[in-house]
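Residue-level listing of the chains:
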Amino acid sequence: MRLEESEAKLCSPNSYLYFIAVVYLVVFHLSFVMFVWSYGKTIFTSPATPSNEFCLSKADKEQYEKEERPESQQEILRRAAKDLPIYTTTASRAIRYCDRCQLIKPDRCHHCSACDVCVLKMDHHCPWVNNCVGFSNYKFFLLFLMYSLLYCLFVAATVLQYFIKFWTLCRRKAAENCPKNELPDTHAKFHVLFLFFVAAMFFISILSLFSYHCWLVGKNRSTIETFRAPTFRNGPDKNGFSLGCSKNLREVFGDEKKYWLLPIFTSLGDGCNFPTRLVIMDPEQLTVSSQNEPAKSSVANQSFPTRPLSESQNRLLSGDCQWVETGPEEENVKSGFCNTF
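An unreviewed UniProt entry lists the protein chain under the name Palmitoyltransferase, from Chloebia gouldiae. Recorded in UniProt under Sequence similarities (unreviewed entry), the annotation for the protein chain is "Belongs to the DHHC palmitoyltransferase family." Recorded in UniProt under Subcellular location (unreviewed entry), the annotation for the protein chain is "Membrane".

Bringing a nonpolar patch on the surface into the picture now. A contiguous nonpolar patch, built from Phe-19, Val-23, Tyr-24 and Val-27 and spanning about 340 Å² of accessible area, is present on the exposed surface. Assessed through its relative accessible area of 33%, Val-23 is described here as partly exposed.

As for its position among the elements, Gly-235 is in strand β8 (residues 235-236). Given the relative accessible area of 1%, Gly-235 is considered buried. Taking the C-alpha atoms as reference, Gly-235 lies 9.3 Å from Thr-88; in sequence the two are 147 residues apart.

Its place among the elements puts Ser-113 in the loop between β3 (110-112) and β4 (117-119). On the basis of relative accessibility, which here comes to 70%, the residue Ser-113 falls in the exposed class. Expressed as a C-alpha distance, the spacing of Ser-113 and Arg-100, which sit 13 residues apart in the sequence, is 9.7 Å.

In this section: the packing of helix α3 (residues 58-66) against helix α4 (residues 70-80). Put simply, α3 and α4 touch, their axes get as near as 9 Å, and they point 160 degrees apart. In terms of orientation, α3 and α4 fall into the roughly antiparallel class. Considering how the two elements wind past one another, α3 and α4 form a crossing that is left-handed. Mapping the contact onto sequence places Asp-60, Gln-63 and Tyr-64 in α3 and Gln-73, Ile-76, Leu-77, Arg-79 and Ala-80 in α4. The residue inventory of the contact of α3 with α4, partitioned by class, reads four nonpolar, two polar and two charged.

What counts and what doesn't
Residues numbered from 1 in each chain as written. Predicted model: local features only at pLDDT ≥ 70, side-chain atom pairs only at ≥ 80, totals over all residues. Heavy atoms only, no water. UniProt positions renumbered as here; feature names shortened; annotations may be inferred. Patch = residues over 30% accessible without salt bridge, like charges linked within 9 Å, V, L, I, M, F, W, Y side chains within 5 Å. Areas by Shrake-Rupley, 256 points an atom, 1.4 Å probe, with all protein chains shown as cover. Salt bridge = Lys/Arg side-chain N within 4 Å of Asp/Glu carboxyl O. Buried < 20%, exposed > 50% of the residue type's maximum accessible area, 1.4 Å probe, protein only. Helix = DSSP H or I, 4+ residues; strand = E, 2+ residues; numbered from the N terminus. Axes fitted to C-alpha atoms, helices over the stretch in contact; angles between N-to-C directions. Parallel < 35°, antiparallel > 145°, perpendicular 65-115°, else oblique. Left-handed = near helix turned anticlockwise from the far one by under 90°. Contact = heavy atoms within 4.5 Å. Nonpolar A, V, L, I, M, F, W, Y, C, P; charged D, E, K, R; others polar.

Have a look at this one:
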């Protein structure tokens, strides 16, 4: 008899509601904690800046400041950047130099006027986090968008049934006298209405932003590079850093998938060196190669660094292509159809 009574209690509507409440609480607090953790990491992680090797020596800096002709200044910068892993230039084929920070900009590095510092792999300056989104916190920013998206979706989904009942409000003051498919006519109905609309609006807006950045990760681009393609030896190429979707994901989230969903820094590289492929071998840019031929001929006499990335800095390309030491007449030819500009 007692066994039957215990089974009846477990199968009672109250037990089911208790179980649903526990599930809601666990999912809510888990998504909320991950959201706050990712948001905090995005805010308080300082933007990564170039290392000292990209700064001019004291003698070069003094000589650069004394020179008035841009050609002479560029000659000084080319000499200083000869041994640096720099493979992109300005649109006018000049070395990218920041007069504000007084350093040679690494690839994908840009100066943020709000932070007043050069940021490695800068994506954008986000006013919502009051920080620059770049190499050091881009993974945290993506996780922040994802967990805020899940958080808003969870809130909107759990409130939806009450939002529907809002249109069939019960006019009776006592909740126990109100049918189950209706809500009592209390001030709580306004809270339900407000909560659903806020969660739904934030979900829609964040969904568009998160989808856009997922597309950027798949293409290995930053927001800046989407609007202004980086210039390589063979001309501008917005897909110059794309290594394929899988390797592009690994470049941001790291090699170990167990850490992908945690706001822990696992991005590959040091933010100064980035592997890249030839434009003509990129499957997404097969039609662009013919358009870049004039650019190749016009910059044939330009001086570019030729030192490739080391294997420790370029793990994404290890096993896919090998570097071959070549003479001056064959410096553009690399084995495996792979190159780093």
